[in-house]
Amino acid sequence: MRTVISLLVAGLVCTGTSHAQWGSSYGFDDPGFSQARIQTEYINEGTWANPLTVDPCVYPPASTINNPGPCSGADSVYGSGFQALGWAQNRSLSSAGQYWVLGMNVEFDAFENCNPGPPNMSAPRAEPGFGLMGFKAIKSTSVGEQFWRGHLVLNNTIDQNPCSAQSGAYIIPFLSLGAQQSRGNSRAVGALNATNGAPYKTRFTYKLWDYYPGAPAFSYVYAIASWGGESRLLFVRLFHEGPGGELPNGEFGGLWNWPARESFYAPGADLAYFDAERTAAYCGHPIRRSVPSDKSTNHAVNNFNYEIDWQTLFRCASNRGLFSDPMPQTWQQQNIPLHGVHWANEVAGNAGTGQGGALWTSVHGMLMLPLPNPGPFLRDEAPELSLDSTPAMATPSDSEDVQTVDDIRRALRVGCELVDSCLERYDAFWSSTANGPVSTIR
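Residues numbered from 1 in each chain as written. Predicted model: local features only at pLDDT ≥ 70, side-chain atom pairs only at ≥ 80, totals over all residues. Heavy atoms only, no water.

Caption draft 1: Spotlight on the packing of aromatic side chains. Enumeration over the complete set of coordinates arrives at 30 aromatic pairs. Ring centres of W87 and F135 lie 6.5 Å apart, and the angle between their planes is 85°; this geometry places the pair in the edge-to-face category. In this pair, W87 is assigned in the loop between β3 (76-77) and β4 (100-107) and F135 in strand β6 (residues 133-138), connecting sequence segments 48 residues apart. Consider the rings of Y220 and F235, whose centres lie 5.4 Å apart with planes at 75°: the pair is edge-to-face. Note that Y220 is positioned in strand β12 (residues 217-227) and F235 in strand β13 (residues 230-241), a separation of 15 residues in sequence. Here Y220 and F235 have matching classes, each one buried. These aromatic residues form a ring-pair network of at least three members: F174, F218, Y220, Y222, F235, F252 and Y273. The side chain of K207 reaches across the aromatic face of W209, ending 4.7 Å from its centre. Taking NZ or CZ as reference, R320 lies 3.7 Å from the ring centre of Y282, over its face. (Phe/Tyr/Trp six-rings, centres within 6.5 Å; stacked < 30°, edge-to-face > 60°. Helix = DSSP H or I, 4+ residues; strand = E, 2+ residues; numbered from the N terminus. Buried < 20%, exposed > 50% of the residue type's maximum accessible area, 1.4 Å probe, protein only. Lys NZ or Arg CZ within 6 Å of the ring centre and 35° of its normal.)

Take a look at the structure:
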C-alpha cells in the first residue's frame, strides 16, 4: 500500500493582462493559453548562494504519504546552480509578468541533494524527447493550427538523474504546467461555494500523443484550494497505466509535507485523488479516462474536450471522507479560493534498470467557467477554433530552436533504442493493444 501511494505523489506577483477573465476577481490571466508564456517557479532561489529554507513539517511524518521525506532535519536545500535564473520559454519574460508555471520535481526524495536542482525544479527543462523533463509550447502552423499546445513529455527511459542510483528501485519524476496564484497568475483562478457567477469549472482540450510502457504512468488535472488554514489538493487521474499504481477503489486521501518555504506548495497539503472513470459513480460527474489506444501523433485525431466541475469534485471528496477536515458548507464559507489548476505527468521507474517509461500529452484551450458574458469561448466548435491565438511576441520560444511533434516522436524512439528491452517492450505492447484499449473501464 505504501509503495502504491508513494508513486502517486511528487512535489508536486504579477499584474493581469488585457485578456484577463473576471477583471480583478477570478480567472486565468491568459485564458485559452493564447499567450503561452511559461516560467519555472523559482527565479534565483534553490542554489548554493541562495538556498531554499526548509521549515518544520506541519504534519507528523508517520502520518503522511511522503514519510520521512523532507522531515529529516535539513534546514536548507540547494541546487547545483543550473537553474539559478530559472527557465522561461519567452526570453523577454520577467518575474513581474503573467506566466504559466512549470514544475519539474523528482522523488525519492525531492529534498535530497542528489537532485541537481531544488524541489519542484529538481531537473532541468529539456527539449521534449531529449531529456527527462521535456516541455515546450508549440504552435503547429504547418498543419494549420493557430493555437499553442503545452507539450508535457516526461521521458524516464533516459538514465540521467543521479537520484536513480541512490533510490534503488526507481525515481518518480513529476512534470506539471498550470496557472497558480502568486506564480504568474495575479489572483485566485476560481472559487468553491461560489457566488455572483464566480468560476468553478475548468475547460480544456487534452491529447495523448504517446506512451512508453514500463513502470506506472499517470496523467493528472488537479486543483489547489484552501480552507481551515490548510491547502487542499484534488487530483483527477485522467490516464493511469502500469503495474503497482492502482488506487484502492479508485480513490485516496492523505496528508503530504512540503516544507520548502519559498514554494507555492508549502507547507504541504491535505490530498484527495479520484480515478477519472470513478467520478460518475462516486460524484455524479462523468469524466473520461484516457487509455493507451487514444494515442496518436496526428494533430487532428483524439483531441478530447474536458469540463471539470471542481465544486462537485471537492464536495464529493469531502463527503467521502478523503480530506482530513470537511469542506465548509456554503452557509459557513462562501467563495473558498481556488488558488490554481495544473496538468501533470508522472512516470515512475529506473531507466538504469530498463524499467523506465515515457508519457507524452498536451493541453490547450484552458478556460475557467462560467465566463462573465457569452462570447467566442462559448461557441459550439472546439475551443481551439474560437480562441484569440495571437501570441504576445513573434514566438514564445527562441526562433533558432524550432521543434515539431515529429521531432519529439523521433527523439523518444531513438532514446528508447539505447535502453535494454525498451523498444521491444514498446513494440510488443502496441502490437497487442493497437485495436482497442488495454482496460475495459472507461
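Caption draft 2: Representation of the pairing of strand β15 (residues 268-275) in the model. By the criterion of burial, β15 is predominantly enclosed, with eight of the eight residues buried. Across the two faces of β15 the burial is the same, with G268, D270, A272 and F274 and A269, L271, Y273 and D275 all buried. With six bridges connecting them, β13 and β15 associate as parallel partners. By the bridge assignment for β15, R232 is matched with D270. Direction of pairing for strand β14 (residues 251-257) relative to β15: antiparallel, over a ladder of seven bridges. Following the sheet pairing, L255 is matched in β15 by D270. (Pairing = 2+ DSSP bridges.)

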